[in-house]
Structure formats: structure tokens, C-alpha cells
Amino acid sequence: ALKGRTVIIWPDNDKPGVEAAKRIGQRLEALEALVSIVDVVGLDFASGWDAADALAAGWTPEQAAGFVADRARSVASGTDWASPDLA
């Protein structure tokens, strides 16, 4: 169902969450999805913080979209993340 689709993964702000997002992203890329992961590494949020916590904190859809636009990185198997085209 995600073949050829654009997918953005917003992981939990912890090592297991980021590692899971990368694994899932690589699997989706193998299915020809265009995958980006929101880079939460090094941010000053609680461990485990994610999109649900942003919503609970009262973030507007515009704030969440801006955060994703600023922090999303394309999954490129075996390489560092590069900025995606979110147009």
C-alpha cells in the first residue's frame, strides 16, 4: 500500500525509537516508498517524546508541519540523512 508513496516517520526521542524508525524506513525504501525520518536526536525533549506529546502540549498543525519540514531527513540506506523535498 505504501509503494511509491511519501512516508514521514516521527520516532520517539530515544535510541530504540530512532533505530526502529531507521529499520522501518529502510524496509519501506525497499518497497519503493520515499521515506523521511524526523531527526529528534539531540533535541531538548524528554526521552520518548514524539508527535503525540507535541499534540498533547498543544502544538498546532502549523507548528508540527514546520517542525517536520525543519527536521525531516531522507532515508538513504547506508548513508547519512539528507534533506528531503517536502513540497
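Our subject is the structure that appears above.
Read on for a plain summary of the structure. These numbers come from a predicted model, not from an experiment.

Calculation rules
Residues numbered from 1 in each chain as written. Predicted model: local features only at pLDDT ≥ 70, side-chain atom pairs only at ≥ 80, totals over all residues. Heavy atoms only, no water. Helix = DSSP H or I, 4+ residues; strand = E, 2+ residues; numbered from the N terminus. Buried < 20%, exposed > 50% of the residue type's maximum accessible area, 1.4 Å probe, protein only. Areas by Shrake-Rupley, 256 points an atom, 1.4 Å probe, with all protein chains shown as cover. Salt bridge = Lys/Arg side-chain N within 4 Å of Asp/Glu carboxyl O. Core = buried A, V, L, I, M, F, W, Y, C linked by side-chain atoms within 4.5 Å. Contact = heavy atoms within 4.5 Å. Polar contact = N/O pair within 3.5 Å; in protein donor to acceptor, adjacent residues only side chain to side chain.

Check the secondary structure of the chain and you find three helices and three strands. Ordered by position in the sequence, the α and β elements of the chain form the string β-α-β-α-α-β. For the chain, the residues scored as buried account for 31% of the 87 residues in total. Carbon together with sulfur atoms contributes 53% to the accessible area of the chain, which is approximately 5,600 Å² in total.

Under the counting rule described, the total for this entry stands at two salt bridges. Across the pair Lys-15 and Glu-19 runs a salt bridge whose closest N-O atoms are separated by 3.9 Å. One end of the pair, Lys-15, and the other, Glu-19, are both in helix α1 (residues 15-30), four residues apart, so they sit about a helical turn from each other. On the basis of relative accessible area, Glu-19 is assigned to the partly exposed category, the value being 37%. Across the pair Arg-71 and Asp-39 runs a salt bridge whose closest N-O atoms are separated by 3.8 Å. Linking Arg-71 in helix α3 (residues 61-71) with Asp-39 in the loop between β2 (34-38) and α2 (51-56), this pair joins segments that are 32 residues apart in sequence.

Turning our attention to the nonpolar core. Counting nine residues, the largest nonpolar core consists of Trp-10, Val-18, Val-38, Val-40, Trp-49, Ala-54, Phe-67, Val-68 and Ala-72. Contacts of Val-40, omitting those with residues within four sequence positions, involve Trp-10, Pro-11, Asp-12, Asn-13, Val-18 and Arg-71. Counting residues in each nonpolar core, the second largest holds eight residues, with Ala-21, Leu-28, Ile-37 and Val-75 among its members.

Another point: the environment of Asp-14. Its location among the elements puts Asp-14 in the loop between β1 (6-9) and α1. Judged by its relative accessible area of 25%, Asp-14 is partly exposed. Each C-alpha atom of the pair Asp-14 and Phe-45 lies 9.8 Å from the other, and the pair is 31 residues apart in sequence. With residues near it in sequence (within four places) discarded, Asp-14 still touches Ser-47 and Gly-48. Here Gly-17 takes part through its backbone nitrogen, which lies 2.8 Å from a polar atom of the side chain of Asp-14.

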